[in-house]
Amino acid sequence: MAKITFITTNNEEITLEATTGSVMELAVQNNIKGIDGDCGGVCSCATCHVHVKEEDFEKVGAPSEIEADMLELEDEVSDYSRLCCQIKVSDAIDGVTLKVVEE
Amino acid sequence: MNKSALPDPFEQARLEKGFGEMNDQNDPVKILLRLKDVRKTAKNWKTFQSGGEEIGRIVVPSEVHIRNTRQIPFEVDPPQHASYRDIVEPWFKRPLENDYQDKLKSIAETVIEGALTKDSLEIVEQFSLVIQSQALTVLLNTPFEESKTWIDWGTHVFRSEESALDGDKANILYDYIDHQINIAEQNPSDDLYSKLLASEIDGRKLTKEEVKGVMILTFAGGRDTVINTITNAIAYFAEHPESLARIKNEPEILNQAIEELIRYFAPLTHMGRVVTQDTEVCEHAMKSQSRVSLCWASANRDAKTFEKPNEVVIDRKINPHVSFGFGTHNCLGATHARTLMKVILTTLVNKVSSIDILDHEDNIEDLDQFKRKVGFHSLNVKFNA
């Protein structure tokens, strides 16, 4: 079980719990504004961009090369950017905070 | 076992130079072939514009001589682009709603059940065109009966092949849309025409010409592309019954399967941009006012990103394909297309055990330097329950 907190672009804080699936799926199921997941989670559409809170980044980990190539072209890219379809829900990411990036 | 294969004609040029060249009615196009170049160029709308003065020039083959209406939001760049896109975006997200999906399901079930009763069925005209047209009535929220008119147009309406005849054919669509806009103006309903006529941009109503621009894009963008996707999928499953069985047994891979088929098919081979200032792409100088195209079909086979790029890996997990384009002008109809494929595949795996290909004629696009199979002119099959 992992607790994940999303901060939407209008600064709303929403904490959700899950055990499986991807963070994008969790967000879409709970209508987190700004996370669309158009491609269903295959790292093709970049509609699930988040900034991981700096102190949580180690828990979440760095993007793969393919994901980094996608992020590189995003306007709001930061050192803590991830596409959250590529973040698996697991105990390892319990307690992390993700700021939704809306294009 | 290779009738469903879509070979990659771009590989050598992609590796050696990174681009190809096409004459296109004496308005040459530099075709960008590498995934990274394609994505980077697609993102850079200032230097590689869609919304230039010459309407139809970003389409390859160019539609400059057969179209005077600007397609919206496709041929408009930021910042105006966003105002138009915001108007149409919610409408084109309706495919996520349950009742929309139920309507598509009923269409797919009826057509597939009908197909099962035939000893031989020509897929392009009698299956893909029918589903595409009927599904378009759901997207437009127009009466189902309208699909009969669109089916009667056949698959060759509004093709540009440099002849006056094609201009005439394009006019069939444009006149039809004018007529429908006039009807909606006099008797507003819940359809897309009426919705657009009632929409406002920067404090004023959309003009009829702007409404027409959105409607042309909706009709033209979602016709050949959807027909080729459905037809290629039927050919693929005919030759790969194991994939049909696998999706039935593991429905959780359905989304990956659809994205992978869409990557492999790349139903729109490429799309152009007009260069606004002297620049460089792929270490090659480009003059202002020249044309480039973003070759989605080649980018999707770039071995730098995709393992086994020429194979359909039905459960490919990381799949950053560009079949729906990339960046500002990404496909407005993608949600409709994805949902339609979801519904068709679900119905197919539940009702059809195998498909036999009886005969076929390939549809090969001629890009001068490259010849690319994009689908079929005809595909005769038998569906088995």
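The structure displayed is predicted, hence computed values, not measured ones.

**Re the overall build of chain B**
- Broken down by element type, chain B carries 14 helices and 12 strands.
- Expected size for 385 residues packed as a compact globule is a radius of gyration near 21 Å; at 20 Å, chain B falls within 12% of this value.
- Expressed along its principal axes, the backbone C-alpha trace of chain B runs to roughly 60 × 55 × 40 Å.
- For chain B, the residues scored as buried account for 46% of the 385 residues in total.
- Counting only contacts in chain B whose residues sit at least 6 apart along the sequence, the fraction spanning at least 24 positions is 70%.

**What about the pairing of strand 2 (residues 29-32) of chain B?**
Residues and elements named next belong to chain B.
- Alternating positions in strand 2 separate into two faces, Val 29 and Ile 31 on one and Lys 30 and Leu 32 on the other, with burial throughout.
- Relative to strand 2, strand 1 (residues 19-22) is paired through four bridges, and the arrangement is antiparallel. Paired with Met 22 across the strands is Val 29, a residue of strand 2.
- Linking two consecutive strands that pair antiparallel, namely strand 1 and strand 2, is a turn of six residues; a positive phi of about 45° is found at Asp 24 within it.

**Some words on the confidence of the model for chain B**
- Of all residues in chain B, 97% have pLDDT values of 70 or greater, and the mean over the chain is 96.
- Reported confidence for the predicted complex is 0.95 by ipTM and 0.97 by pTM.

**Here's the deal with the interface of chain B and chain A**
- Across the contact, 15 residues belong to chain B and 11 residues belong to chain A.
- Take the side of chain B that touches chain A: its biggest share by element is four residues, from helix 2 (residues 35-43) of chain B.
- Class assignment of the residues belonging to the side of chain B that touches chain A gives a composition of three nonpolar, six polar and six charged.

**Some remarks on the sheet that holds strand 1 (residues 2-7) of chain A**
Residues and elements named next belong to chain A.
- Read across the sheet, five strands follow the order 2-1-5-3-4 without closing on themselves; strand pairing throughout is mixed. For this open sheet the edge positions go to strand 2 (13-18) and strand 4 (81-83), each flanked by a neighbour on one side alone. Between one strand and the next, the sheet's axes are offset by a mean angle of 35°, whatever the strand orientation.
- Both strand 3 (residues 49-52) and strand 4 contribute to a ladder of three bridges, which runs antiparallel. Residue pairing for strand 4: His 51 is matched across the bridge by Ser 81.

**Brief notes about the sheet that holds strand 1 of chain B**
Residue and element names in this part refer to chain B.
- Strand order across the open sheet formed by five strands is 1-2-10-7-3, with mixed pairing between neighbours. Each of the sheet's edge strands pairs with one partner strand only, and the pair in question is strand 1 and strand 3 (48-49).
- On top of the sheet, helix 2 reaches strand 2, strand 3, strand 7 (271-275) and strand 10 (291-294); it is set at about 120° to strand 10, its chief contact.

**A word on the environment of Trp153(B)**
Residues and elements named next belong to chain B.
- For Trp 153, the position within the fold is in the loop between helix 6 (146-152) and helix 7 (164-186).
- Assessed through the 17 C-beta atoms surrounding it within 10 Å, Trp 153 is described here as partly exposed.
- In the structure, Trp 153 is positioned 185 residues away from Arg 338 in sequence and 24 Å away in space, judged by C-alpha atoms.

**Let's talk about the packing of helix 4 (residues 98-116) of chain B against helix 5 (residues 123-140) of chain B**
Residues and elements named next belong to chain B.
- Interhelical geometry of helix 4 versus helix 5 gives an angle of 160° and a closest axis separation of 10 Å. Classed by the angle they form, the pair helix 4 and helix 5 counts as roughly antiparallel. The element helix 4 and its partner helix 5 pack so that their crossing is right-handed. Listed contacts from helix 5 to Tyr 100, Lys 103, Leu 104, Ile 107, Ala 108, Val 111 and Ala 115 of helix 4 are Phe 127, Val 130, Ile 131, Gln 134, Ala 135 and Val 138.
- Here the residues of the contact of helix 4 with helix 5 sort into 11 nonpolar, one polar and one charged.

**A few points about the packing of helix 12 (residues 254-265) of chain B against helix 14 (residues 334-351) of chain B**
Residues and elements named next belong to chain B.
- Remark: helix 12 packs on helix 14, axes separated minimally by 10 Å, with the N-to-C direction vectors making an angle of 115°. In this structure, helix 12 meets helix 14 at a crossing whose hand is right-handed. Counted together, Leu 254, Ala 257 and Ile 258 of helix 12 and Arg 338, Met 341, Lys 342 and Leu 345 of helix 14 form the full contact between these two elements.
- Of the residues contributing to the contact of helix 12 with helix 14, the split by class is five nonpolar, no polar and two charged.

The rules behind each value
- Residues numbered from 1 in each chain as written.
- Chains lettered and ligands numbered in written order.
- Predicted model: local features only at pLDDT ≥ 70, side-chain atom pairs only at ≥ 80, totals over all residues.
- Helix = DSSP H or I, 4+ residues; strand = E, 2+ residues; numbered from the N terminus.
- Rg over C-alpha atoms; globule rule 2.2 N^0.38 Å.
- Buried ≥ 20, exposed ≤ 12 C-beta atoms within 10 Å, placed from the backbone.
- Contact = placed C-beta atoms within 7 Å.
- Pairing = 2+ DSSP bridges.
- pLDDT = per-residue confidence, 0-100.
- Nonpolar A, V, L, I, M, F, W, Y, C, P; charged D, E, K, R; others polar.
- Axes fitted to C-alpha atoms, helices over the stretch in contact; angles between N-to-C directions.
- Parallel < 35°, antiparallel > 145°, perpendicular 65-115°, else oblique.
- Left-handed = near helix turned anticlockwise from the far one by under 90°.

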